[in-house]
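Read off the chains here:
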Amino acid sequence: MRRSYIVSYDICDPKRLRKMYKKLLGFGDRLQLSVFRCDLNMKERVLLQGALLEIMNQKEDLVMVVDLGPTDTADCFEFLGRTLLTSDRKPVIV
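Residues numbered from 1 in each chain as written. Predicted model: local features only at pLDDT ≥ 70, side-chain atom pairs only at ≥ 80, totals over all residues. Heavy atoms only, no water.

K.L.:
Would you explain the sheet that holds strand 4 (residues 62–70) in this entry?
P.N.:
The strands making up a sheet are joined through hydrogen bonds of the backbone, oriented either antiparallel or parallel. The 4 strands are arranged 2-3-1-4 in an open sheet whose pairing can be described as antiparallel. The open sheet has two edge strands with one neighbour each: strand 2 (29–32) and strand 4. Shown here is a sheet whose adjacent strand axes are inclined to one another by a mean of 25°, direction ignored. Two elements, strand 1 (residues 3–10) and strand 3 (residues 35–40), share 6 bridges in a ladder whose sense is antiparallel. The residue bridging Tyr5 from the neighbouring strand is Cys38, located in strand 3. Helix 1 (residues 14–25) rests against strand 1, strand 2, strand 3 and strand 4 of the sheet, and its axis sits at about 170° to strand 1. The sheet strands contacting helix 2 (residues 42–55) are strand 1, strand 3 and strand 4, and the helix crosses strand 3 at an angle near 145°. (Pairing = 2+ DSSP bridges. Helix = DSSP H or I, 4+ residues; strand = E, 2+ residues; numbered from the N terminus. Axes fitted to C-alpha atoms, helices over the stretch in contact; angles between N-to-C directions. Contact = heavy atoms within 4.5 Å.)

What follows is the structure, given as structure tokens:
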């Protein structure tokens, strides 16, 4: 079962910040600077957590992951202002 997550990060080092941004682009859609929405299954969630732990310095940086629940019930977002650009992501078979 896929679940929706909000992932937000505060990274102190510019090099780690760029790596974090690029890594999260592979897992979800950017909503704002340093904020992503990721629809993941359990395996992808574990892979994401491992990848982020490898990039971040746990003494200096902070990553917040919020579980919004199953993807079919996570349409609780309301945006005001400009249109949110979402990507048409397709599955990648490795």
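K.L.:
Even after reading the chapter, I still don't get the pattern of salt bridges, so can you show me in this structure?
P.N.:
Side-chain pairing between opposite charges can occur once the charged atoms of the two side chains come close. The final tally for this structure, using the stated rule, is 5 salt bridges. Taking the shortest distance from any N to any O, the salt bridge between Arg2 and Glu44 comes out at 2.9 Å. Residue Arg2 is located in the segment before strand 1, and its partner Glu44 is located in helix 2; the two are separated by 42 residues in the primary sequence. Exposure remark for Glu44: the relative accessible area of 25% places this residue in the partly exposed category. Here Arg37 ties to Asp39 by a salt bridge, and the two come within 3.6 Å at their closest N and O atoms. What makes Arg37 buried here is its relative accessible area of 17%. According to the relative accessible area criterion, Asp39 is partly exposed, its value standing at 30%. Here the salt bridges share partners, and the residues they tie into one network are Arg16, Glu60 and Asp61. (Salt bridge = Lys/Arg side-chain N within 4 Å of Asp/Glu carboxyl O. Buried < 20%, exposed > 50% of the residue type's maximum accessible area, 1.4 Å probe, protein only.)

K.L.:
What is the right way to read the packing of helix 1 against helix 2 from this model?
P.N.:
A pair of packed helices is characterised by two quantities: the angle between their axes and the separation of those axes. With their axes 10 Å apart at the nearest point, helix 1 and helix 2 run at an angle of 165° to one another. One element, helix 1, and the other, helix 2, form an angle in the roughly antiparallel class. Seen from above, helix 1 lies across helix 2 with right-handed handedness. Here Arg16, Lys19, Met20, Lys23 and Leu24 of helix 1 lie close against helix 2, whose contacting residues are Leu48, Ala51, Leu52 and Ile55. The residue makeup of the contact of helix 1 with helix 2, split by class, is 6 nonpolar, no polar and 3 charged. (Parallel < 35°, antiparallel > 145°, perpendicular 65-115°, else oblique. Left-handed = near helix turned anticlockwise from the far one by under 90°. Nonpolar A, V, L, I, M, F, W, Y, C, P; charged D, E, K, R; others polar.)

Interpretation note: all reported values are geometric properties and have no functional meaning in isolation.
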